[in-house]
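Architecture and fold: a report
Spelled out from the first residue to the last, the chains are:
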Amino acid sequence: MVRVRRTTVLDAPIDAVWRILRDFNGHDRWHPIVERSGLEDARRTDQVGAVRNFTIRSGERVREVLLTLSDRERRLRYAIVGSDLPLRDYVAELFLKPVTDGNRTFWSWSSRFRTPPGEEETLARLVGEEVYEAGFAGVRAALGLRAGPASPPPPAPRPAIGGTNAAVERPPSRLGSPPSPAATARPMDRGAAGAVEGEAMVIARHGGPEVFRAAPSPAPPPGPEEVRIRQTAVGVNYIDVYCRTGYFDLVQPPGAPGLEAAGTVIDVGSGVRHLAAGQRVAYACPPPGAYATVRTMPAALVIPLPDRIDDETAAAVLLKGMSAEFLLHRVHALEAGETVLVFAPAGGVGRLICQWAAHLGARVIGATSSEAKARAARTAGAHDVVLPGEASLEEQVMELTRGRGADVIYDGVGRDSFAHSVAALAVHGHLVSYGQASGDVGPFDIGSLAARSAKVSRPNFAHFTDTPEKVAAITGRLFDALERRVLRAEIGGRYPLREAAAAHRALEAGETIGSTILVPEAAAG
Amino acid sequence: MAEAYASSVIGAPAARVWERIRDFNALPDWHPAIAESRIEGGGPSDQVGCVRAFRLTDGGFLRERLLALSDYDFSVTYSILESPMEVENYVATLKLTPVTDGDRTFAEWSAEFDCPPEREDELVALIAGDVFQGGFDALARALGS
């Protein structure tokens, strides 16, 4: 008989942790390896004898029966009753105890089981690390706690940036830390005076996708506080469309749009200490001009990429992921148990919001336009999806929520959805209007919010990401979420940089699922 | 029946914390409230059933019997035979659990006892605070927080 036990301490009150754990069927909302979980035989999640039937990331199916549930001891026991995994007679127990010295929580998770001969060690490690330790990390994330073991002295609550809840902010170490030895090495290409040859996709005038032209775009040597980057992947965002059409007055012809890319530092100007030649970096910030093979730009908001985040992933999710981070943690501090309505749940930001919101313990409803996108939304974590049909969006949302409505709505659609969103809100609901893919919202009668005592936010990416400290805090949580696979980058469209027009056409036609990136030819070849 | 409970996290491996506390006669070595202690009859301090007689730094005198000792569970259970506190049927357990996430120790100390109802709150605060938490604080200072 193999025995496995893992224990940890969470910097959270025991009731907050137990609320998450006692939901026997809720583990697909916080455990990174649990894909989808359902209860058999219409039993309730706290009904002893209930069987949860779920799929784990590697594809195996598992059925587990709830043997014990004690709210008094904050303990539950369960056993595997059917599985593709070679775990026999598996019985597990988890319980919580209060750490009275600091209002924290001790969590023990253990099991005993038999395995085929010779597989004891492998399976013990798998259960201990990929189930229990990964579960600890998942619940930490669901509670908005810092990754890793809780520190023995409880951290004093500190005021969070941008009006978030009590979630602990990671210190802005990425940009503010002293330079590493690599960062102080002499830039290697420094001697190559003059510009580096390059090409950009510029707009001949404001207009449709046809205005894109390839144009020579050499990158000059970096001046003070600047960096020169050879780009390997460029992110495409809806804001690029607004720049191209002139809806946003950010790109003057013949300039290049684009706010997001990843690549390798060619060299840095004086005063830049957090970057060095040869380092992998990414950015999601103004000024526009990312649709290029090389570029020279201000260095302050360019961040070093961790080894575990590859260039294409960074280009695909940095801007969208940073948006999802502040939408879910700062504009509205999403809490477990809230109902979230997400428009365009199969799109770039929408998918990430679904994944993250579900992980945080919210009930996620996606609003989309086709069965294919509904499937993508469900894969991303949406518990329900509403599609255009006989009933209006708000009627469908009200039916799903038994007349209550959504606590928070993330609406990047704009004109076509705004009135429906207001009508789908719960009392005290929060409508976060973060884009206008279908056009301007236009004049809006603020009195219509009184029917719900609702509030509306119209956040601007720039205000959440305009200092190195803010960027470090946001990307810190974002990279953690990516590493723990709370968020999964999905690159739905990959176009050569020169085919930027095709990428924009697909985006505007609503054909894309996941993120779209442009790959400069040199990097592609 | 009144209950007192305190728990803490000590920044040292459970085996190291256990070395300190398994000796039923070693309270003066680690608990700041205890001045001196001896085992009645001079027997070994890990003999279940033995009685420790000890004096507090404030002069109070207690006798406690070792009811259970487990090197497997890192746990010790004892009862009070005599004390200046107005408690009866007092049974306490001190238990350590390794925290695998960081090689630390989760320490729990709990007691059940009978007492006059009007003194229950005061006694629970005294036992959970001065006795149990005071002991944890001293262990953390000695072994690392």
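Below is a summary of the structure that appears in this document.

Parameters and conventions
Residues numbered from 1 in each chain as written. Chains lettered and ligands numbered in written order. Predicted model: local features only at pLDDT ≥ 70, side-chain atom pairs only at ≥ 80, totals over all residues. Contact = placed C-beta atoms within 7 Å. Helix = DSSP H or I, 4+ residues; strand = E, 2+ residues; numbered from the N terminus. Nonpolar A, V, L, I, M, F, W, Y, C, P; charged D, E, K, R; others polar. Pairing = 2+ DSSP bridges. Axes fitted to C-alpha atoms, helices over the stretch in contact; angles between N-to-C directions. Buried ≥ 20, exposed ≤ 12 C-beta atoms within 10 Å, placed from the backbone. Arc of directions from axis to C-beta. Parallel < 35°, antiparallel > 145°, perpendicular 65-115°, else oblique. Core = buried A, V, L, I, M, F, W, Y, C linked by C-beta atoms within 7 Å.

**Side note on the interface of chain A and chain B**
Contacts between chain A and chain B engage 16 residues on the former and 18 residues on the latter. For the side of chain A that touches chain B, the secondary-structure elements that each account for two or more residues are β1 (2–10), β6 (88–99) and β7 (104–114) of chain A. Of the residues forming the side of chain A that touches chain B, the biggest block, five residues, is contributed by β1 of chain A. Here the residues of the side of chain A that touches chain B are counted per class, giving eight nonpolar, four polar and four charged.

**As for the sheet that holds β6 of chain A**
All names here are of chain A. On the basis of which strands lie adjacent, the open sheet formed by seven strands has the order β1-β7-β6-β5-β4-β3-β2 and antiparallel pairing. Two strands close off the open sheet at either side, each with one partner strand: β1 and β2 (34–39). Averaged over neighbouring strand pairs, the angle between their axes works out to 20° when direction is ignored. Looking at chain direction, β6 and β7 are connected through ten bridges and run antiparallel. Residue pairing in the sheet places glutamate 93 in a bridge with serine 110 of β7. The sheet contacts of helix α1 (residues 14–21) involve β1, β6 and β7, and relative to β6 the element is tilted by about 155°. Here helix α2 (residues 120–142) sits on the sheet and contacts β1 and β7; the angle it forms with β1, its principal contact strand, is near 20°.

**Observations regarding helix α8 (residues 371–379) of chain A**
Given 3.6 residues to a turn, an α-helix orients residues that are three or four positions apart in the same direction. Residue and element names in this part refer to chain A. By the burial criterion, the buried members of α8 are Lys373, Ala374, Ala376 and Ala377. For α8, the angular spread of buried residues about the axis comes to 160°, placing them on one side. Opposite its buried face, α8 presents the exposed residues Glu371 and Ala372, each directed more than 90 degrees away. Buried residues belonging to α8 abut α7 (348–359), β16 (363–367) and β17 (384–386). Remark: glycine 381 follows α8 within two positions and exhibits a positive phi of approximately 120°.

**Quick notes on the packing of helix α6 (residues 311–331) of chain A against helix α12 (residues 468–483) of chain A**
All names here are of chain A. Direction vectors running N to C along α6 and α12 enclose 105°, while the axes themselves pass 9 Å from each other. By the criterion of interaxial angle, the relationship of α6 to α12 is roughly perpendicular. Along the contact surface, α6 presents Val317, Gly321, Met322, Glu325 and Phe326, while α12 presents Ile474, Thr475, Arg477, Leu478 and Leu482. Partitioning the contact of α6 with α12 into residue classes produces six nonpolar, two polar and two charged.

**A closer look at the sheet that holds strand β3 (residues 51–56) of chain B**
Residue and element names in this part refer to chain B. Strand order in the open sheet made by the seven strands is β1-β7-β6-β5-β4-β3-β2, with antiparallel pairing throughout. The strands lining the two open edges of the sheet, one partner per strand, are β1 (2–10) and β2 (34–39). With direction set aside, neighbouring strand axes in the sheet form an average angle of 20°. Of the pairings in the sheet, the one linking strand β6 (residues 88–99) to strand β7 (residues 104–114) comprises ten bridges and is antiparallel in character.

**Here's the deal with the nonpolar core**
Residue and element names in this part refer to chain A. By size, the foremost hydrophobic cluster in this structure holds 169 residues, and its most contacted members are Val340, Ile353 and Ala357. In terms of residues, this core owes the most to one element, α6, which gives twelve residues. Contacts of isoleucine 353, omitting those with residues within four sequence positions, involve Ala324, Leu327, Leu328, Val342 and Tyr410. If you look at the next biggest cluster of nonpolar residues, it comprises nine residues, including Phe24, Leu76, Tyr90 and Ala92.

Scope: geometric values only; no functional claims are made or implied.
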